[in-house]
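Descriptive structure summary
The residues making up each chain are set out below.
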Amino acid sequence: METILFLAHTDDDGALGRVALEALTGATQLRSQMPGAKLAFGILGADTATATQSASGCGADAFYAVAGVDFAASRYASDAAALEAICRAAGATIVVAPATARFNRVMPGVAQRLNGRIDTHVSGFTVNGDELRVQRGFYRQRMVATLTRSVRPWFLTVDGGVFQPWAGASAAVSVQMLDVTLGDALRRTTVTGYQAPEANAQTIRPDANLLFVAGVGWTKKQSDGQVHLDEAASAILGFLDKASASLGSSKSLVDQSSEGHNVFSFMSHLNQVGQTGATPRHPKGLSTCCHGEEPHVVGWRFIGERRAINLDANCGWAQGKADVVYVADAFELVRKITKLL
Amino acid sequence: MSTGFHVVVLGSLVPDMLQTLEPVQGPAGPGLKNELMLPAVLDPWAAHALFEAAHLASQHAGSKVWLVSLGPKAKLQQLMMSIAQKAPFELVAVDGSASGFADAFAVAEALAGAIEKIAGLDRSRLLLFGGCASASRDAGTVVQMVGERLGIADQFLAADELRVSPDGMLTVLERVEGGRYLVSDVAGPPCVVAWATGNLPEPPNNPQVGMLNMRGIMPALQKAASAPLASTGTTYVSVEVPKQDRKTRIVKDVPLDDMAREIADWIKA
Ligand SMILES: Cc1cc2nc3c(=O)[nH]c(=O)nc-3n(C[C@H](O)[C@H](O)[C@H](O)COP(=O)(O)OP(=O)(O)OC[C@H]3O[C@@H](n4cnc5c(N)ncnc54)[C@H](O)[C@@H]3O)c2cc1C
């Protein structure tokens with residue numbers, strides 16, 4: 001019989017983040033599909049009360065928390081100690097956790113400590129009798145596998161967008177506060193804060209409805225034989241502003257910036273989507289001046305509706321990768337769209 | 001007193017990123033069709049880690065870089081031809097599968113075992129580097145597991161920058177949600193840094209570096225121990241290529257105003 005442990009950390013505001021609530025839905029669904037399975041809820045953070053309260057109606061049989069200033073910040077050493085303690089206290093055989101940056105860093109190490117196995121970025125699971133099977137991508141999304149494991153504990157981290165966020169009324173629950181003491185060896189790291197990468201890093205908006213992707217075409221010579229960087233920059237920024245879109249980029253475009261060429265100050269390699277970049281989730285995506293080559297399109301895997309603007313009717317997008325391709329000059333068309341927004 | 005860092009970079013080969021891959025089922029589990037024939041490259045994020053390691057070593061006298069690679073010997077040898085000229089390192093080769101389907105737990109065990117055997121490695125000065133995820137297993141798990149096996153409690157994932165203060169303090173910038181960096185200070189080595197792209201361009205080929213590296217590479221390949229990589233209790237039920245199922249509508253020879261209207265309506269819908 002399995003004991004499914006859902007693990008989360010509080011966000012900086014003390015609440016449970018969206019990806020955590022989504023993973024909680026996954027954990028509760030899993031529990032209902034696995035005959036006789038128990039569900040436990042575990043959390044860490046500076047103060048875990050608000051977050052625990054918000055999820056108290058999830059039906060867990062037990063609640064565990066590790067709380068205190070030592071556990072406020074995302075630090076490997078303290079996170080690993082806390083999560084290990086929760087896993088042991090809960091007797092977890094299956095662990096379901098959100099694939100946040102904080103957990104992506106620490107969860108493999110916790111699995112190692114418990115002699116368990118881990119599958120990250122799980123995109124779905126099914127139960128066949130009493131056998132759990134998970135799906136995940138391999139080779140940068142060029143392949144999808146369904147697999148099962150008999151070794152326990154089995155850790156699963158779930159990406160955002162796979163499940164609906166959990167919502168439900170609160171219930172009165174009793175929480176076991178676990179005492180985890182950190183020696184000096186676990187305090188060698190101090191988290192000092194956040195830093196935005198460049199002046200306009202706010203161009204990355206994970207919650208935006210639309211991902212707007214710029215390709216290297218914006219920096220190429222246009223029909224008049226000239227390069228129009230200022231115009232390109234103002235067309236892109238104008239659009240982002242009106243559409244409240246998140247900005248993505250092809251690798252070629254951000255590589256140009258890092259090689260010290262002219263290009264756009266508002267974009268860095270953090271904007272890059274694709275095989276060696278990000279794979280963001282947005283309901284819609286609009287690609288501009290980008291060819292739609294395979295390594296780039298990997299970054300679009302979790303983009304719902306896809307449209308592209310390209311001068312070339314035979315660009316990669318036209319080969320079954322986009323829903324609509326507009327054969328047009330993006331400079332002109334994007335300005336016109338912006339006016340209508 | 002010894003100075004400088006001992007940087008161990010974990011990195012191996014992956015199929016060229018532009019290659020179309022096809023799964024096949026073998027006796028020991030899934031693999032890639034013609035796996036041994038596919039052109040291979042150094043795993044991109046691990047390559048960034050190697051370039052960052054070489055750069056760091058060049059700035060701190062007494063430092064040394066090892067590249068620990070697990071892969072089929074013959075393929076590793078080919079890979080070395082293309083990367084030996086990029087940065088000075090000593091190769092530690094482990095002969096085994098570089099498949100993305102090999103289990104992270106077993107891979108970490110083999111790599112940690114190889115690191116423990118490195119002669120002259122000063123673990124108090126150790127920086128364990130690697131990529132934040134491979135382009136094969138694509139999981140982002142092995143580097144942390146190796147760190148755990150070596151007892152390193154300070155770990156960082158998806159780093160783009162590592163700064164060293166004059167007092168020895170290290171500052172690490174890690175990518176987190178929303179396009180921001182988390183900034184942390186760590187008292188010094190040993191620590192684990194799994195890199196994202198970092199800030200350095202790919203170094204140009206340097207034939208002199210290549211010649212120096214090659215002297216160690218051939219013996220390292222010859223004495224590479226083999227790692228069987230058991231994947232106890234893991235069953236792959238299916239492996240497939242994701243379907244491309246979009247029917248693309250091409251809109252051309254239409255007035256720009258009409259296109260603009262259609263796109264704006266779609267965005268607002
Ligand atoms: C190992 C490896 C990893 C890679 N990883 C990634 C990755 O993560 N992400 C990524 O993006 N790429 C990646 N690539 C690179 C990828 O293969 C392509 O080279 C890259 O995506 C091309 O960028 P692009 O489309 O911006 O440029 P190009 O291919 O140069 O395309 C520019 C496009 O702009 C169009 N254009 C020009 N002017 C206009 C205009 N006025 N209006 C409309 N359209 C116009 C042109 O028709 C052309 O299609 C990787 C490659 C390798 C080998």
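About the thresholds
Residues numbered from 1 in each chain as written. Chains lettered and ligands numbered in written order. Predicted model: local features only at pLDDT ≥ 70, side-chain atom pairs only at ≥ 80, totals over all residues. Heavy atoms only, no water. Helix = DSSP H or I, 4+ residues; strand = E, 2+ residues; numbered from the N terminus. Buried < 20%, exposed > 50% of the residue type's maximum accessible area, 1.4 Å probe, protein only. Areas by Shrake-Rupley, 256 points an atom, 1.4 Å probe, with all protein chains shown as cover. Lys, Arg positive; Asp, Glu negative; His and termini not counted. Charge placed at Lys NZ, Arg CZ, Asp CG, Glu CD. Domains from an automatic or database assignment. Contact = heavy atoms within 4.5 Å. Salt bridge = Lys/Arg side-chain N within 4 Å of Asp/Glu carboxyl O. Nonpolar A, V, L, I, M, F, W, Y, C, P; charged D, E, K, R; others polar. Core = buried A, V, L, I, M, F, W, Y, C linked by side-chain atoms within 4.5 Å. Axes fitted to C-alpha atoms, helices over the stretch in contact; angles between N-to-C directions. Parallel < 35°, antiparallel > 145°, perpendicular 65-115°, else oblique. Left-handed = near helix turned anticlockwise from the far one by under 90°. 1 Å grid on protein atoms, 1.4 Å probe; cavity = no way out; pocket = protein on both sides within 12 Å on 5 of 7 lines; lining within 4 Å. Points joined across faces, edges and corners; volume = space filled by probe spheres on them. Pairing = 2+ DSSP bridges. Phe/Tyr/Trp six-rings, centres within 6.5 Å; stacked < 30°, edge-to-face > 60°. Buried area = accessible area lost by both parts, 1.4 Å probe. Polar contact = N/O pair within 3.5 Å; in protein donor to acceptor, adjacent residues only side chain to side chain. Expected span 1.5 Å × (residues − 1). Arc of directions from axis to C-beta.

**Some details on the overall build of chain B**
- Scanning chain B from N- to C-terminus turns up six helices and 15 strands.
- Oriented by its inertia axes, the alpha-carbon framework of chain B measures out at about 75 × 50 × 40 Å.
- Relative to its full complement of 269 residues, chain B shows a buried share of 57%.
- For chain B, the computed accessible surface area is about 11700 Å², with 55% contributed by carbon and sulfur atoms.
- Charged side chains of chain B number 22 positive and 28 negative; the gap between the two group centres comes to 4 Å.

**Side note on the domain arrangement of chain A**
Residue and element names in this part refer to chain A.
- Structurally, chain A comprises domain 1 (3-187) and domain 2 (210-340).
- Just the C-alpha atoms count here: the centres of domain 1 and domain 2 sit 36 Å apart.
- Tallying the contact residues gives eight residues for domain 1 and nine residues for domain 2.
- One can count zero salt bridges joining domain 1 with domain 2.
- Of the residues assigned to the side of domain 1 that touches domain 2, the class counts are two nonpolar, three polar and three charged.

**Structural notes on the nonpolar core**
- With 68 residues, the main nonpolar core has A:Leu7, B:Val8 and B:Val146 as its most contacted residues.
- Of all the elements, helix 3 (residues 104-116) of chain B adds the most residues to this core, at ten residues.
- With sequence-adjacent residues up to four places away left out, B:Val146 is seen in contact with B:Leu10, B:Ala108, B:Leu111, B:Ala112, B:Ile115 and B:Leu128.
- Counting residues in hydrophobic clusters, the runner-up holds 43 residues, among them A:Phe6, A:Ala27, B:Leu21 and B:Leu32.

**Details of the packing of helix 3 of chain B against helix 4 (residues 142-149) of chain B**
Residues and elements named next belong to chain B.
- For the pair helix 3 and helix 4, interaxial distance at closest approach is 9 Å and the crossing angle is 50 degrees. Our classification of the angle between helix 3 and helix 4 gives oblique. Read as a crossing pair, helix 3 and helix 4 show a hand that is right-handed. Residues Ala 104, Phe 105, Val 107, Ala 108, Glu 109, Leu 111, Ala 112, Ile 115 and Glu 116 of helix 3 form the contact with helix 4, whose participating residues are Val 142, Met 145, Val 146 and Arg 149.
- Grouping the constituent residues of the contact of helix 3 with helix 4 by class yields ten nonpolar, no polar and three charged.

**Things to note about empty space enclosed by the protein**
- Enumeration over the complete set of coordinates arrives at four cavities of 30 Å³ or more.
- Considering only enclosed or pocket space, the largest cavity measures out at about 380 Å³ in volume.
- Top contributing element to the lining of the largest cavity by residue count: helix 4 of chain B, with three residues.
- When grouped by side-chain class, the residues that make up the lining of the largest cavity number 15 nonpolar, eleven polar and two charged.
- Reported here for the second largest cavity is a volume of approximately 70 Å³.
- Lining the second largest cavity are 14 residues, with A:Ile118, A:Asp119, A:Arg136, A:Arg149 and B:Arg137 positioned closest to its centre.
- Listing elements by their share of the lining of the second largest cavity, those giving two or more residues are strand 5 (117-122) and strand 7 (131-138) of chain A.
- Class assignment for the residues of the lining of the second largest cavity results in seven nonpolar, two polar and five charged.

**Notes on the sheet that holds strand 14 (residues 282-288) of chain A**
- Judged by pairing direction, the sheet is parallel, and its six strands sit side by side in the order 13(A)-12(A)-14(A)-15(A)-16(A)-15(B) without closing on themselves. Every other strand in the sheet has two partners, leaving strand 13 (246-249) of chain A together with strand 15 (249-251) of chain B as the edge strands with one partner each. Between one strand axis and the next, the sheet turns by 20 degrees as a mean value, whatever way the strands run.
- Across four bridges, the pairing between strand 15 (residues 303-310) of chain A and strand 16 (residues 324-327) of chain A is parallel. Residue pairing across strands places A:Arg307 opposite A:Val324, the latter belonging to strand 16 of chain A.
- Across the face of the sheet, helix 5 (residues 229-243) of chain A comes into contact with strand 12 (210-214), strand 13 and strand 14 of chain A while running at roughly 175 degrees to strand 12 of chain A.

**Here we look at the packing of aromatic side chains**
- Inspection of the entire model under this criterion finds twelve aromatic pairs over all chains.
- Judged by centre distance (6.0 Å) and plane angle (65 degrees), the rings of A:Phe138 and B:Tyr236 are edge-to-face. Taken as a pair, A:Phe138 in strand 7 and B:Tyr236 in strand 14 (residues 234-240) lie in two separate chains rather than in one.
- Aromatic rings pair up to connect A:Phe138, A:Tyr139, B:Phe101 and B:Tyr236 into one cluster.

**Quick notes on the interface of chain B and chain A**
- At the interface, 88 residues of chain B touch 89 residues of chain A.
- For the pair chain B and chain A, the two sides together bury roughly 7700 Å², of which 57% comes from carbon and sulfur.
- In this structure, the connection of chain B to chain A is made through nine salt bridges.
- Among the ionic pairs, B:Glu262 bridges to A:Arg307, the shortest N-O distance being 3.7 Å.
- Where chain B meets chain A, there are 48 residue pairs in polar contact (both at pLDDT 80 or more).
- Going through the elements one at a time, helix 1 (44-59), helix 4, strand 9 (155-164), strand 10 (170-176), strand 11 (180-186), strand 14, strand 15 and helix 6 (256-268) of chain B are the ones with two or more residues in the side of chain B that touches chain A.
- When grouped by side-chain class, the residues that make up the side of chain B that touches chain A number 41 nonpolar, 23 polar and 24 charged.
- In this structure, strand 8 (residues 143-149) of chain A lies alongside strand 14 of chain B, joined through six bridges in antiparallel fashion. Among the inter-strand pairings, A:Val144 is bridged to a residue of strand 14 of chain B, identified as B:Glu240.

**Re helix 5 of chain A**
- The end-to-end C-alpha separation of helix 5 of chain A is 21 Å, in line with the 21 Å expected for 15 residues at 1.5 Å each.
- Taken together, the buried positions of helix 5 of chain A are A:Leu229, A:Ala232, A:Ala233, A:Ala235, A:Ile236, A:Phe239, A:Leu240 and A:Ala243. Taken end-on, helix 5 of chain A shows its buried residues confined to a sector of 165 degrees, consistent with a single buried face. For helix 5 of chain A, the exposed residues lying more than 90 degrees away from the buried face are A:Asp230, A:Ser234, A:Asp241 and A:Lys242.
- If you follow the buried residues of helix 5 of chain A, they end up packed against strand 12, strand 13, strand 14 and helix 8 (330-340) of chain A together with helix 6 of chain B.
- Of the residues flanking the end of helix 5 of chain A, it is A:Ser244, one or two places downstream, whose phi is positive at about 45 degrees.

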